[in-house]
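A closer look at the structure
For reference, the chains in residue letters:
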Protein chains: 2
Amino acid sequence: MALIVQKYGGSSVADATSIKRVAKRVAEAKRAGHDVVVVVSAMGDTTDELIDLAQQVTPLPPQREMDILLTAGERISMSLLAMAIHNLGVEAKSFTGQQAGVITDEAYGKARIIDVTPSRIRQTLAQGSVAIVAGFQGVNPTTNDVTTLGRGGSDTTAVALAASLMADVCEIYTDVDGVFTADPRIVPNARKLDRVSYDEMLELAASGAKVLVLRCVEYARRYGVPIHVRSSFTTHTGTLVTDQPAAEGEIVEQPIIAGVAHDRSEAKITVVGVPDVPGKAARIFQVVAGAGVNIDMIVQNVSVAATGLTDISFTLPATDGAAGTAALTEHQPDIGFASLQYDDTIGKLSLIGAGMKSHPGVSAKLFAALADAGINIEMISTSEIRISVVTRADSLDEAVRAVHTAFELDSTEDEAVVYGGTGR
Amino acid sequence: MALIVQKYGGSSVADATSIKRVAKRVAEAKRAGHDVVVVVSAMGDTTDELIDLAQQVTPLPPQREMDILLTAGERISMSLLAMAIHNLGVEAKSFTGQQAGVITDEAYGKARIIDVTPSRIRQTLAQGSVAIVAGFQGVNPTTNDVTTLGRGGSDTTAVALAASLMADVCEIYTDVDGVFTADPRIVPNARKLDRVSYDEMLELAASGAKVLVLRCVEYARRYGVPIHVRSSFTTHTGTLVTDQPAAEGEIVEQPIIAGVAHDRSEAKITVVGVPDVPGKAARIFQVVAGAGVNIDMIVQNVSVAATGLTDISFTLPATDGAAGTAALTEHQPDIGFASLQYDDTIGKLSLIGAGMKSHPGVSAKLFAALADAGINIEMISTSEIRISVVTRADSLDEAVRAVHTAFELDSTEDEAVVYGGTGR
């Protein structure tokens, strides 16, 4: 008998029929003798509909009220799911984030979990009942007001509860079969990974893979919570995210690659004609950071000796493009650059696998694959287990396919896969 | 400067446009210098839609989960209203029933308020902000679970908050102009009452007038909370419900009648051939009460001496008809009656006015009016300030019009009125 935390996203509980299917799955786990805690997102498009209602009322809703509004969504899905499970003859009780003891800071709309005190959940399990918990929400203990956790918040709720309850596994149910070596919409013969390490999953998430959000994986790694990413539409085994890398135990000739991620959401700013003196680059990134913008990759061109000027390029989320440009323009006099170039037609490809740095052949093979496909590399960055390159946005799909093939990730089976975003 | 509690029903906050109109009204009261607490129902048909969703999931939803589900409705309307008020430059914060300190018993689905501890509401008012409170809901302190108050619950929330905050007035906004001498859909020239006493309003509510529910009026009378029933679509003065009767101060020749109520929701059970010995009637009503059925009017026919048998008729809500009939049938052997007759085609007309008992001419005039209109009276019951008669359901409208005219309640003005049910 195990303690299992299951999380179902919005597409898994989109209507009464889906809720009944999830209920059956939960009841089966319970009848198999496990203690079951279920975290649910809001049904289907509920959250978008509530946001739309708010925008009809005011262009700038106060964030406290927005959080109260949005948490109505999980209130609906969690109570309906509890009813559906009850209807199958299995006891189930639903709890809000507050009732489940999900304590957060007071950053409405993007709160971080600071503690989990699930005494009511433990009590409910001890009574032999399934506990349903609203994802995406917590309580700010200073004001006793409800908060929401931002994108991917329900996954984070599930992992945080699993950590606090010392669950055996946290199952994240989604509309895909697991974590893939690449996005199957771009690479039709991408393979599902049987397992992937926290570090690899972090890099995949940070590099554009949408199946799990970064903070959820960070939380799981910190507390050693095993995550099982799987489909709510099949009973197939999905992908296990633990501290074991994807390739461990596989035959040695295979490249030690977990997968190829891609990201189309970034833009590039080039600061042209920066005086090549110490402190200027630091000043640029201070200014950008001061505008609340996160920088991803950075390239500084070699200085042209005759002019004493250099160009610095960096990537940032395209949604922060206006803020970054405005901040730099405001500080143009003191930084002393000549001009700014803004480019939002870039794409980023990342190759991820444990121990990549110790295999120098990996980057050579990557660059060769892209060169053979006639794709130009504009920027490069690497970490212990990742190589990322920036290309033109319109060559990104081709680049992903070329790299996926070069590293022999293509599946030989004819797997039917469904791929999409996860809920929140 | 006054402390005003305003309550808006579902039809007053049915969509974004309506919410903005209510926000304007609230902001005006605040700008006029008043402290304002607003109680809201769920938007339009939200509650019915949620009930429908639950029924798609299970035929018998557990009541605890049903209450969690339904309270999502006010969560949405209260936060949207707070946003809309905020958008007009007036500070507003929304609170759930629990946050507002509405403490109830644990009767899910029909909980009763046992205490109100509105410290957060007082604090919010002291900060110069409008407080929005979710109607229809509270918290059961034993389990810390949310409860709902049943039909008319938002009105009760408003009156209970007004009592606890010692508000100057509790304004109940609805889609009618106030309390009328009869339902204007049946009597087109019904008059709006400028005022009505708690006792009269209680009799009106108990006799089928839908503008306020019984328990809300009971609460207001117990704590002396003045209620102002008015339209959210106009700025007209509505009807003031206090301890002053409707007719006080009016010219003495006028009948002291508050209005004519009608009710089509009852049915009649006749227990035929009951042994006319002491205790049999009591046994019948014990059995019916034991089935959780409330009895309204009772008539016992004169015993026929030769047989020693009598018939007993009583009225009950038609929705309880099956339960009442089943309970009596089960106890037929020990009660010893011959048969049961069930009739759900009855209508009840009630004439209400303070001091009616001291004016014997009133009942004579009522019976004469009905006789002149050719309407047969099947049962009669009276209280200090009410006379009720049961007629055939299909003569009820005509009966209401005849009595309304006989007591000179018809308006001489050509008032434009809108009449409908209230929210919950």
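Only a predicted model underlies this, so the values are computations on that prediction, with no experimental measurement involved. Every chain's residues receive numbers from 1 upward, in the order its sequence appears when written. By the order in which they are written, chains take letters starting at A while ligands take numbers starting at 1. Confidence filtering applies because this is a predicted model: local features only for residues at pLDDT of at least 70, side-chain atom pairs given and counted only at 80 or more, and all residues used for totals across whole chains, interfaces and linings.

Here we come to the overall build of chain A. Strands are runs of DSSP state E lasting at least two residues, helices are runs of H or I lasting at least four, and both sets are numbered from the N terminus onward. Counting its secondary structure elements, chain A contains 13 helices and 20 strands. Overall, the C-alpha framework of chain A stretches about 80 × 55 × 35 Å when taken along its three principal axes. Going through the 424 residues of chain A one by one, you find that 53% of them count as buried. Two residues qualify as a contact pair if the distance between their C-beta atoms, derived from the backbone, is within 7 Å. A separation threshold of at least 6 residues defines the contact pool for chain A, and within that pool the share at least 24 residues apart is 76%. Neighbour counting defines burial: a residue surrounded by 20 or more other C-beta atoms within 10 Å of its own C-beta is buried, one with 12 or fewer is exposed, and intermediate counts give partly exposed, using backbone-placed C-beta atoms.

Moving on to the interface of chain B and chain A. Facing 27 residues of chain B, the contacting portion of chain A comprises 27 residues. For the side of chain B that touches chain A, the elements supplying multiple residues, two or more each, are helix H1 (16–31), helix H2 (46–57), helix H3 (63–70) and helix H4 (72–86) of chain B. A total of nine residues in the side of chain B that touches chain A trace back to one element, the largest contributor, which is H4(B). Each residue belonging to the side of chain B that touches chain A can be placed in one class, and the counts come to 16 nonpolar, eight polar and three charged. Amino acid classes used here: Ala, Val, Leu, Ile, Met, Phe, Trp, Tyr, Cys and Pro are nonpolar; Asp, Glu, Lys and Arg are charged; the rest, including Gly, are polar.

For chain A, mean pLDDT is 90; residues scoring 70 or higher make up 93% of the total. Here the predicted complex scores 0.82 on pTM and 0.79 on ipTM. What pLDDT reports is the predictor's confidence in each residue, on a scale of 0 through 100.

Least-squares superposition aligns the copies on the C-alpha atoms of those residues with pLDDT at or above 70 in both. Note on the copies: chain B fits chain A at an RMSD of 0.2 Å, the axial shift is 0.0 Å, and the rotation between them is 179°. The symmetry that links the two subunits is that of a two-fold axis. Within chain B, Ala72(B) has its C-alpha nearest the rotation axis, a separation of 2.6 Å. A share of 100% of interface residues in chain B that are also interface residues in chain A marks the association as one of identical surfaces.

Turning our eyes to something else, we now look at unusual backbone geometry. Notably, Phe136(A) is not glycine yet its phi reads approximately 75°, a positive angle. Within the secondary structure layout, Phe136(A) lies in the loop between strand S6 (130–134) and strand S7 (137–140). The phi angle at Asn144(B) is positive, at roughly 65°, despite the residue not being glycine. Examined against the element boundaries, Asn144(B) turns out to sit in the loop between strand S7 (137–140) and strand S8 (145–148). In this structure Asn144(B) comes out as exposed when scored by C-beta crowding, with 12 C-beta atoms within 10 Å.

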